Amino acid sequence: ASRAQIWLREEAPKYRDRPWVLFVSFVAPHFPLTAPPHWYYRYPFERIPMPKLYGEKNLHPYVRDQADNTGYDKYFESEAAVKRARAGYFGLVSSLDENIGHLLQTLEDAGLGDNTRVLYTSDHGDNLGARGLWGKQVLYEEAAKVPMILAGPDIPSGVRSVPVSHVDVYPTVMQCVGTEAPEASGVSLLGKLPERTVLSEYHASSSRAGEYMIRHGKWKYVYFVRYPDQPQLFDLEADPEELRDLGTNSSFEKIRRECHARLLSILNPEEVDRRAKRRQAELVAANG
């Protein structure tokens, strides 16, 4: 945040005849959940609720796999320990907000607020104890849903209900600086967003096999290579907390078939998973 403030004050004024782009990346909120004390103590334990479905035993087998492989929750041996971890995360969020506030104030102080667009997003969320899970590694909303906030000149206020994706960042930034976005797989957030299928996938740490999620309108469909006959399906309008999995409910067979067809129109799950695992094996062989 400090380096970005210095750049905005000392370097940005040099670019009066052409646009500039500044990328500012923060690590937190992230493990280890160690927040600055002036924020950590703003979240006393008695005000912090326990995570939803904490201690839930009726988990999807893929979710049980991930919980067993990562093993985060075995280190939280009491309710107080869980709340301490959550307080650390909340404190880190507040610390991040504080630093972003410094950047936005610097834009105003430097006279850049009226002609600078700001795009804020994150690479992933955190389960933060929901269902006994910590970190990312699954595709529930706590982990997979991220903020995407755009503000500045000619940006209308309001909330869009259409799902967006990180692949939209590239064409958005390129349009802001007045040029094309060759081979963009996303769409610019500055225009009307088409009705489309948005994809997320996970193959990395602790994953025995890939998992894939699509969003189309209100429907969220999750497919597991290791458990192909046990997909998940959620109606996020009626069930935003994902408490009712419709993945094996016979009444929603047609919706599941439609969602799976949309996934197959984007990629072959088994083939992509084989490629990912093959590449990971190559990296392990080369680097240990």
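Our structure's up above, just so we're on the same page.
(A) Just the overall build of the chain, in detail. When its secondary structure is counted, the chain shows 8 helices and 6 strands. Its helices and strands taken in sequence order, the chain reads α-α-α-α-β-α-β-α-β-β-β-β-α-α from the N to the C terminus. Along the longest, intermediate and shortest principal axes, the C-alpha atoms of the chain span 60 × 50 × 45 Å. Taken over 288 residues, the chain has a buried fraction of 36%. A separation of at least 24 residues holds for 62% of the contacts in the chain among residues at least 6 apart in sequence. Summed over all atoms, the accessible surface of the chain reaches about 17,000 Å², with 51% contributed by carbon and sulfur.

(B) Structural view of unusual backbone geometry. Residues A28 and P29 are joined by a peptide bond in cis, for which omega reads 5°. With respect to the helices and strands, the residue P29 is situated in the loop between α1 (2-10) and α2 (37-40). In this structure, the amide linkage connecting F31 to the following residue, P32, adopts the cis form with an omega of -5°. Residue position: P32 is located in the loop between α1 and α2.

(C) Looking closely at helix α4 (residues 79-109). Given a rise of 1.5 Å per residue, 31 residues ought to cover 45 Å, and the 45 Å separating the end C-alpha atoms of α4 matches this to within 8%. Residue G111 follows α4 closely and has a positive phi angle near 75°.

(D) Seen up close, helix α3 (residues 61-70). Turning to α3, its buried residues are P61, Y62, V63, D65 and Q66. Here the buried face of α3 lies against β3 (198-202), β4 (211-216) and β5 (219-224).

(E) Fine view of the packing of α1 against α4. Relative to each other, α1 and α4 sit at 10°, their axes nearing to 10 Å. The angle between α1 and α4 places the two elements in the roughly parallel class. Here α1 contributes A4, Q5, L8 and R9 to the contact with α4, which in turn contributes H102, L103, T106, L107 and D109. In the contact of α1 with α4, the residues fall into 4 nonpolar, 3 polar and 2 charged.

(F) View of the pattern of salt bridges. Taken as a whole and assessed by the stated rule, the structure comprises 18 salt bridges. Note that R9 and D109 form a salt bridge whose closest N and O atoms lie 3.4 Å from each other. With R9 in helix α1 and D109 in helix α4, the pair connects residues that are 100 residues apart, well separated along the chain. Note on D109: relative accessible area 47%, which makes it partly exposed. Of the charged contacts in the structure, one is a salt bridge between R117 and D154, with a shortest N-O distance of 3.6 Å. In this pair, R117 sits in the loop between α4 and β1 (118-121) while D154 sits in the loop between β2 (148-151) and α6 (169-176), placing the two residues 37 residues apart along the sequence. Each of K52, R131, E142 and E241 takes part in one network of salt bridges that share partners.

(G) Looking closely at the side chain of E242. Structurally, E242 is set in the loop between β6 (232-235) and α7 (253-266). Here E242 falls in the buried class, since its relative accessible area comes to 4%. With residues up to four places along the chain from it excluded, the contact list for E242 reads R131, L139, Y140, E141, E142, K220, F234 and L236.

Reading guide: rules and limits
- Residues numbered from 1 in each chain as written.
- Predicted model: local features only at pLDDT ≥ 70, side-chain atom pairs only at ≥ 80, totals over all residues.
- Heavy atoms only, no water.
- Helix = DSSP H or I, 4+ residues; strand = E, 2+ residues; numbered from the N terminus.
- Buried < 20%, exposed > 50% of the residue type's maximum accessible area, 1.4 Å probe, protein only.
- Contact = heavy atoms within 4.5 Å.
- Areas by Shrake-Rupley, 256 points an atom, 1.4 Å probe, with all protein chains shown as cover.
- Expected span 1.5 Å × (residues − 1).
- Axes fitted to C-alpha atoms, helices over the stretch in contact; angles between N-to-C directions.
- Parallel < 35°, antiparallel > 145°, perpendicular 65-115°, else oblique.
- Nonpolar A, V, L, I, M, F, W, Y, C, P; charged D, E, K, R; others polar.
- Salt bridge = Lys/Arg side-chain N within 4 Å of Asp/Glu carboxyl O.

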